[in-house]
Amino acid sequence: QIQASQKNVDAKISPAQLVVIAEAFKESARYAQTAPDNPYGDQEHTQRMIQWLKEGEQKSLNIHQQLQAGAHEKARDLLKSLAQQCVDCHTEYRN
């Protein structure tokens with residue numbers, strides 16, 4: 001089940017939180033690449049998850065940059081995209 005907070009793209013988020021989120025994506029991808037006994041399925045399935053995690057990291061950093069530049073509408077659009085990516089990934093790999 002997707003948590004309500006994952007669907008709420010109108011939630012307030014600070015630039016500092018985005019850096020933490022980006023780091024979480026980075027560490028999750030690193031773990032998936034080195035996890036013993038590959039708990040995520042076959043290699044192709046795992047590589048797709050790692051790609052989503054890396055994309056999530058980049059989107060988080062991009063949102064951070066947009067907020068820092070005052071481009072709030074662009075940041076909002078990117079945040080919606082990131083939220084959907086989280087829902088998709090959690091549906092396939094976690095829930």
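Report follows, based on the coordinates. As the structure is a prediction and not an experimental result, all values here were calculated from the model.

### What about helix H4 (residues 72-93)?
When the terminal C-alpha atoms of H4 are compared, their 31 Å separation across 22 residues agrees well with the 32 Å that a helix rising 1.5 Å per residue should span. The complete set of buried residues in H4 reads Ala75, Leu78, Leu79, Leu82, Ala83, Gln85, Val87, Cys89, His90 and Tyr93.

### Structural notes on helix H2 (residues 15-34)
The end-to-end C-alpha separation of H2 is 29 Å, in line with the 28 Å expected for 20 residues at 1.5 Å each. Here H2 has its buried residues at Leu18, Ala22, Phe25, Ala29 and Ala32. Angularly, the buried residues of H2 cover 90° about the axis, an arc narrow enough to put them on a single face. Among the exposed residues of H2, those pointing more than 90 degrees away from its buried face are Ala16, Val20 and Thr34.

### Examining the packing of aromatic side chains
Summed over all chains, the structure comprises one aromatic pair. The interplanar angle of 90° and the centroid separation of 5.9 Å between the aromatic rings of Trp52 and Tyr93 together place this pair among those described as edge-to-face. Here the residue Trp52 occupies a position in helix H3 (residues 43-68), and Tyr93 occupies one in helix H4, the gap between them amounting to 41 residues.

What counts, and where the lines are drawn
- Residues numbered from 1 in each chain as written.
- Predicted model: local features only at pLDDT ≥ 70, side-chain atom pairs only at ≥ 80, totals over all residues.
- Heavy atoms only, no water.
- Helix = DSSP H or I, 4+ residues; strand = E, 2+ residues; numbered from the N terminus.
- Expected span 1.5 Å × (residues − 1).
- Buried < 20%, exposed > 50% of the residue type's maximum accessible area, 1.4 Å probe, protein only.
- Arc of directions from axis to C-beta.
- Phe/Tyr/Trp six-rings, centres within 6.5 Å; stacked < 30°, edge-to-face > 60°.

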